[in-house]
Amino acid sequence: MRLADKVAIVTGAASGIGRAVADLFAEHGATVYATDLDERDGSERIVSVRQDVSVESEWSALIARIEREQGRLDVLVNNAGIVGSYDSITDVAMADYHRIIAVNQTGFFLGMRCAIPLMQRGGKGSIVNVSSIWGLIGAVGVAAYQASKGAVTTLTKNAALTYAPVIRANSLHPGAILTRIIEKQDHALNQQLIADTPLGRMAEPREVAYAALYLASDESAFVTGAELVIDGGYTIR
Ligand SMILES: NC(=O)c1ccc[n+]([C@@H]2O[C@H](COP(=O)([O-])OP(=O)(O)OC[C@H]3O[C@@H](n4cnc5c(N)ncnc54)[C@H](O)[C@@H]3O)[C@@H](O)[C@H]2O)c1
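As a starting point, this report considers the structure included with it.

## Here we look at the side chain of Thr-35
Step number 1: Mapped onto the elements of the fold, Thr-35 is located in strand 2 (residues 31–36).
Step number 2: Owing to a relative accessible area of 0%, Thr-35 belongs among the buried residues under this scheme.
Step number 3: Residues contacting Thr-35, with those up to four places away along its chain left out, are Ile-9, Val-10, Thr-11, Gly-12, Ala-13, Val-49, Gln-51 and Leu-62.

The structure is reproduced here in structure tokens:
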């Protein structure tokens, strides 16, 4: 029960990493507002909410509902994201670029913008932003995704500095995790990712969820502005 009585939002919680985070948080005693474009199964501790993270009014409505129902918010996990395009800077369609930025970057910005005042009113809060290894180092192509994830890395540090000591903000940087993103990806690219990962495999979503659990809980009370990398060693070199 590492999150006993905490109230949390987890976005992108219908599948993959977000789903695993929401399930693990609920197992550890949190009440979780599990948001996604898609509906998911609820439970005693998991409230399924339909939300497009790129729309500010949907964030305002969610925060107002949580204030009404719970009176406070302890944890925000910004996780909902899309790869959207593997194209380079010169090739990516601008419509794709804008959609990827809207979800992966503006969506995270809006989440913090709307959640922080409620956290401040409660006197405490932990924000966990799911960036990527591609928010730390370069890749070939995937230009819009890299732009969005790099922004998440620095915006997390901005929030950590601006809202300390009341709010902590940290970023997570997964490598290759077995979710729909990987399933949809080119087989040869996936094989290359495994070959370049010292631990020689991809990870299950729950292996990322445990890192989110640590950052969300009071166990990480002195940790803010950190980049927690969960990549089997991919970025060591
Ligand atoms: N899987 C990986 O290898 C990997 C690696 C690094 C980072 N990540 C990041 O982890 C996060 C989760 O991805 P995943 O791998 O679990 O993928 P996933 O596709 O399984 O889950 C993403 C979820 O986000 C939801 N979503 C997409 N757009 C949304 C929107 N506008 N509003 C609300 N929900 C929306 C989807 O419906 C889906 O349920 C993403 O931010 C992704 O960039 C994943």
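## Brief notes about the packing of aromatic side chains
Step number 1: Overall, the coordinates contain 1 aromatic pair when judged by the stated rule.
Step number 2: Geometrically, the ring pair formed by Trp-134 and Tyr-234 is edge-to-face, given 5.7 Å between the ring centres and 85° between the ring planes. Of this pair, Trp-134 sits in the loop between strand 5 (125–130) and helix 4 (143–162) while Tyr-234 sits in the segment after strand 7 (227–230), placing them 100 residues apart in sequence.
Step number 3: On the basis of relative accessible area, Trp-134 is assigned to the buried category, the value being 17%.
Step number 4: Residue Tyr-234 is classed as buried on the basis of its relative accessible area of 17%.

## Remarks on the site of the ligand
Step number 1: As a matter of local geometry, the ligand sits amid 29 residues, with Ser-15, Asp-36, Asn-79, Tyr-145 and Thr-179 nearest to it.
Step number 2: A distance of 3.5 Å is found between a nitrogen atom of the ligand and a backbone nitrogen or oxygen belonging to Leu-37.
Step number 3: In the environment of the ligand, a nitrogen atom lies 3.0 Å from a nitrogen or oxygen atom belonging to the backbone of Val-53.
Step number 4: In the complex, 96% of the free accessible area of the ligand, which totals 840 Å², lies under the protein chains.
Step number 5: At the level of elements, helix 1 (16–27), helix 3 (94–122), helix 4 and helix 5 (180–184) are the ones that each hand at least two residues to the shell around the ligand.
Step number 6: Here the shell around the ligand gets 3 residues from one element, more than from any other, and that element is helix 5.
Step number 7: Its residues assigned to classes, the shell around the ligand comprises 13 nonpolar, 10 polar and 6 charged.

## Some words on the packing of helix 3 against helix 4
Step number 1: One can describe the packing of helix 3 onto helix 4 by two numbers: an axis separation of 8 Å at closest approach and a directional angle of 15°. By the angle class used here, helix 3 and helix 4 are roughly parallel. Once helix 3 is placed against helix 4, the crossing between them reads as right-handed. Only Ala-144, Tyr-145, Ala-147, Ser-148, Lys-149, Ala-151, Val-152, Leu-155 and Ala-159 of helix 4 make contact with helix 3, whose side of the interface consists of Tyr-97, Ile-100, Ile-101, Asn-104, Gln-105, Phe-108, Phe-109 and Met-112.
Step number 2: Counted by class, the contact of helix 3 with helix 4 contains 13 nonpolar, 3 polar and 1 charged residues.

Cut-off values and rules
Residues numbered from 1 in each chain as written. Predicted model: local features only at pLDDT ≥ 70, side-chain atom pairs only at ≥ 80, totals over all residues. Heavy atoms only, no water. Helix = DSSP H or I, 4+ residues; strand = E, 2+ residues; numbered from the N terminus. Buried < 20%, exposed > 50% of the residue type's maximum accessible area, 1.4 Å probe, protein only. Contact = heavy atoms within 4.5 Å. Phe/Tyr/Trp six-rings, centres within 6.5 Å; stacked < 30°, edge-to-face > 60°. Near = heavy atom within 4 Å. Polar contact = N/O pair within 3.5 Å; in protein donor to acceptor, adjacent residues only side chain to side chain. Areas by Shrake-Rupley, 256 points an atom, 1.4 Å probe, with all protein chains shown as cover. Nonpolar A, V, L, I, M, F, W, Y, C, P; charged D, E, K, R; others polar. Axes fitted to C-alpha atoms, helices over the stretch in contact; angles between N-to-C directions. Parallel < 35°, antiparallel > 145°, perpendicular 65-115°, else oblique. Left-handed = near helix turned anticlockwise from the far one by under 90°.

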